[in-house]
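Coordinate inspection notes
Take a look at the letters that make up each chain.
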Amino acid sequence: MASNLITEIEVRSVLTAQNRRSTIPYDYTINPYRGCLLGCLYCYASRFVHEDAAKKADWGHWVEVKKNAVDALQRDSHKICGKTVFFSSATDPYQPLELRLGLTRALLEVLLLAFPARLRIQTRSPHVVRDIDLFRKFGDTLDVGISVPTDSDIVRRAFEPRAPSIARRLDAARQLKEAGIAVRASVAPLLPCTPERLARLLAPCFDRAWVDGINFYEKADALREIYTGRGWEAYLRPEHADRVRAALHAAGLL
Ligand code: SF4
C-alpha cells in the first residue's frame, strides 16, 4: 500500500455512541478522520475503525477524510445538548493535515452551538493551540488532554517516531494553561521514563494528569522487541506505574 494515502469518504453520521469500556467516559465520540498519520506503534485504534485487513496492517500510513462530517454533525446536533463528547477516540484530531483541512475546527464550531455538557479534546499534537480562541468560547465545559507518556525523546522515538517531541507538547500545554484552558496530561500509555523528572516537567504546564498502562493488542512482537532489545522490561512492572503515580501525586497532578 502507498505511504500516506489520503482519501475522502462520506459518512452517515460522525457521532459514535460509547459502546466499549473506556478510561475516559463519554456519551459520543467524534472522529473527523478515519486513520491517523502519526502511526504510534502501540496504537490499537485500527481494531475499531476498519474491516479491511490491509488497512489495519498499514495503520499510520493512510487517512480517510470524512468530507461531509460538518453536514452530518449539524444534522445530529440535537443529540449533543447536555452530553459528554470525546474528540477523538480513534484518530488524532490535530494531526498535521488538520492544519490544511480545518475539519476539526469546523466541527468544533458546530459543537459550540450544540451545547454539550462536557467536551474532552485528546491529542498528541502541539497544533492544538491553533484553536485556543474557540476553546475559550466553550468555557469550563471543555478540557484538553495532551498525551505525554514519557519524559524522554529517545523513548518517544522508539514508540511514536512520527509524533511531536515532548518539548513541543509541553509548550502547547503551557500555552493552553496560560490561556485559561483546563489541560490534563495523559500519561498514556505509560512508557519508560524517570517518574520524578516526568512529574517535574508536567507540573508547570498541566492542571492534572492521569495514567494508563500500555496494551499489547497490536504489534505485540514489535513492542516486546523494543522492551527487551533496549533493556526496558522493568518499566512494564506495576512498580513503575506506582512510582509514576506517586511522583505525579507529590507534584499535585493526581
Ligand atoms: S496519535 Fe493516537 S490515534 Fe494516532 S496513531 Fe497515535 S495513538 Fe493512534
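Rules used throughout
- Residues numbered from 1 in each chain as written.
- Predicted model: local features only at pLDDT ≥ 70, side-chain atom pairs only at ≥ 80, totals over all residues.
- Heavy atoms only, no water.
- Near = heavy atom within 4 Å.
- Nonpolar A, V, L, I, M, F, W, Y, C, P; charged D, E, K, R; others polar.
- Salt bridge = Lys/Arg side-chain N within 4 Å of Asp/Glu carboxyl O.
- Buried < 20%, exposed > 50% of the residue type's maximum accessible area, 1.4 Å probe, protein only.
- Pairing = 2+ DSSP bridges.
- Helix = DSSP H or I, 4+ residues; strand = E, 2+ residues; numbered from the N terminus.
- Axes fitted to C-alpha atoms, helices over the stretch in contact; angles between N-to-C directions.
- Contact = heavy atoms within 4.5 Å.
- Arc of directions from axis to C-beta.
- Core = buried A, V, L, I, M, F, W, Y, C linked by side-chain atoms within 4.5 Å.

Looking up the protein in an unreviewed UniProt entry gives the name Radical SAM domain protein, with the organism given as uncultured Armatimonadetes bacterium.

Contacts to the ligand come from Cys36, Leu38, Gly39, Cys40, Cys43, Trp59, Thr91, Asp92 and Arg124. Taken together, the residues that form the shell around the ligand break down as five nonpolar, two polar and two charged.

Overall, the coordinates contain 19 salt bridges when judged by the stated rule. The partner of Glu160 in a salt bridge is Arg169, with the nearest N and O atoms 2.5 Å apart. When its relative accessible area of 0% is taken as the criterion, Glu160 is described as buried. Arg169 sits in the buried class, given a relative accessible area of 0%. Here the salt bridges share partners, and the residues they tie into one network are Glu98, Arg105, Glu109, Arg130, Asp131 and Asp133.

Next up on the list: the sheet that holds strand S7 (residues 118-123). The strand order across the open sheet built from seven strands is S2-S3-S6-S7-S8-S9-S10, with neighbouring strands paired in mixed fashion. Strands at the two margins of the open sheet, each flanked by one partner only, are strand S2 (15-17) and strand S10 (208-211). If you compare each strand with its neighbour and ignore which way they point, the axes differ by 25° on average. As paired strands, S7 and strand S8 (residues 142-147) are joined by five bridges and run parallel to one another. Counterpart to Arg120 in the pairing with S8 is Asp143. Against the sheet, helix H5 (residues 103-112) contacts strand S3 (28-30), strand S6 (84-87) and S7, and its axis sits at roughly 175° relative to S6.

In this section: helix H10 (residues 220-229). Buried residues of H10: Leu223, Ile226 and Tyr227, and no others. Around the axis of H10, the buried residues are gathered within 95° of arc, so they sit on the same side. Structural note: H10 exposes Asp221, Glu225 and Gly229 on the side pointing more than 90 degrees away from its buried face. Contact partners of the buried residues in H10: helix H7 (153-159). Downstream of H10 by a residue or two, Gly231 has a phi angle that is positive, lying close to 70°.

Most often, soluble globular proteins have nonpolar side chains that are buried together. Ranked by internal contacts, the top residues of the largest apolar core, which has 57 residues, are Leu111, Phe135, Ile146, Leu202 and Phe206. A per-element tally of this core places H5 first, with six residues. Beyond its immediate sequence surroundings of up to four residues, Phe206 is in contact with Ile146, Val148, Leu170, Ala173, Lys177, Val183, Arg184, Ala185 and Leu253. Formed by eleven residues, the second largest nonpolar core is a distinct cluster that contains Ala158, Phe159, Leu191 and Ile214.

Once that is clear, we can look at the pairing of S8. Extensive coverage of S8 is indicated by the burial of six of its six residues. Side chains Leu142, Val144 and Ile146 project from S8 onto one buried face, and the interleaved Asp143, Gly145 and Ser147 project onto a second face that is buried too. Note that S8 and strand S9 (residues 182-187) share five bridges and pair parallel. What sits directly across from Ser147, in S9, is Ser186.

Moving on: the sheet that holds strand S1 (residues 5-9). Strand order in the open sheet formed by three strands is S1-S5-S4, and the pairing between neighbours is mixed. Here the strands that pair on one side only, and so sit at the sheet edges, are S1 and strand S4 (33-34). As paired strands, S4 and strand S5 (residues 62-66) are joined by two bridges and run antiparallel to one another. By the bridge assignment, Tyr33 is partnered in S5 with Val65.

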